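Spelled out, the chains give:
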Amino acid sequence: MRIWLIGADQRGGDILRQLAKNQNIDLFVTDAKERPRAVAEGIIAAVDQVEVVTPMNVNTLARRIRPDLILIDSGADQRSLGNVTGGMTFATSLTNEIANASEYPCIVL
């Protein structure tokens, strides 16, 4: 099974730890930062691709990555926009729009 993890923050790191237990799972990790939390904590050595995923480009990227399932860690966006008025709502809405726009199965973490 090929899983695409978008975002490697706290929840993404937790997922990476669990999925690493199954050698039959092929993981592809993207993040908007080169050194997200999962890399900083040594859970993974590096992300596979530094990319900002939006509702506009999620399907183009997914066709290239060819996942069976997409997992979205919205933690970093929520944290970075949390101090802005309405930022948490915006981050949640953006994440939900990515999931809704995707032609592939998505789970928001």
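Remember, it's a predicted structure, so these values are computed and weren't measured experimentally.

J.: I would appreciate a short explanation of unusual backbone geometry in the present structure.
T.: Glycine aside, a negative phi is what most residues show, and trans is what most peptide bonds show. Phi at Arg 66 is positive, roughly 60°, even though this residue is not glycine. Examined against the element boundaries, Arg 66 turns out to sit in the loop between α3 (58-65) and β4 (69-72). A relative accessible area of 62% means that Arg 66 is categorised as exposed.

J.: I would appreciate a short explanation of the pattern of salt bridges in the present structure.
T.: Side chains that differ in sign of charge can pair as their charged atoms come close. Taken as a whole and assessed by the stated rule, the structure comprises 5 salt bridges. For Asp 14, the salt bridge is made with Arg 17, and the minimal N-O distance between the two is 3.0 Å. Separated by 3 residues within a single helix, Asp 14 and Arg 17 lie in helix α1 (residues 10-19), roughly one turn from each other. A residue is classified by how much of its surface remains accessible, and Arg 17, at 40% relative accessible area, is partly exposed.

J.: Help me understand the environment of Ala 32, please; the structure alone is not making it clear to me.
T.: Mapped onto the elements, Ala 32 comes out in the loop between β2 (26-31) and α2 (37-40). Residues Ala 32 and Val 52, 20 residues apart in the sequence, show an inter-C-alpha distance of 4.8 Å.

J.: Explain the sheet that holds β2 here, please?
T.: Backbone-to-backbone hydrogen bonds pair the strands of a sheet. The strands run either parallel or antiparallel. The 5 strands are arranged β3-β2-β1-β4-β5 in an open sheet whose pairing can be described as parallel. Two strands bound the open sheet, and with one partner strand each, they are β3 (49-50) and β5 (106-108). In the sheet, β2 pairs with β3 via 2 bridges, with the strands oriented parallel. Of the residues in β3, the one forming a bridge with Thr 30 is Gln 49. Running over the sheet, α3 touches β1 (2-6), β2, β3 and β4 and is turned about 145° from β1.

Conventions we followed
- Residues numbered from 1 in each chain as written.
- Predicted model: local features only at pLDDT ≥ 70, side-chain atom pairs only at ≥ 80, totals over all residues.
- Heavy atoms only, no water.
- Helix = DSSP H or I, 4+ residues; strand = E, 2+ residues; numbered from the N terminus.
- Buried < 20%, exposed > 50% of the residue type's maximum accessible area, 1.4 Å probe, protein only.
- Salt bridge = Lys/Arg side-chain N within 4 Å of Asp/Glu carboxyl O.
- Pairing = 2+ DSSP bridges.
- Contact = heavy atoms within 4.5 Å.
- Axes fitted to C-alpha atoms, helices over the stretch in contact; angles between N-to-C directions.

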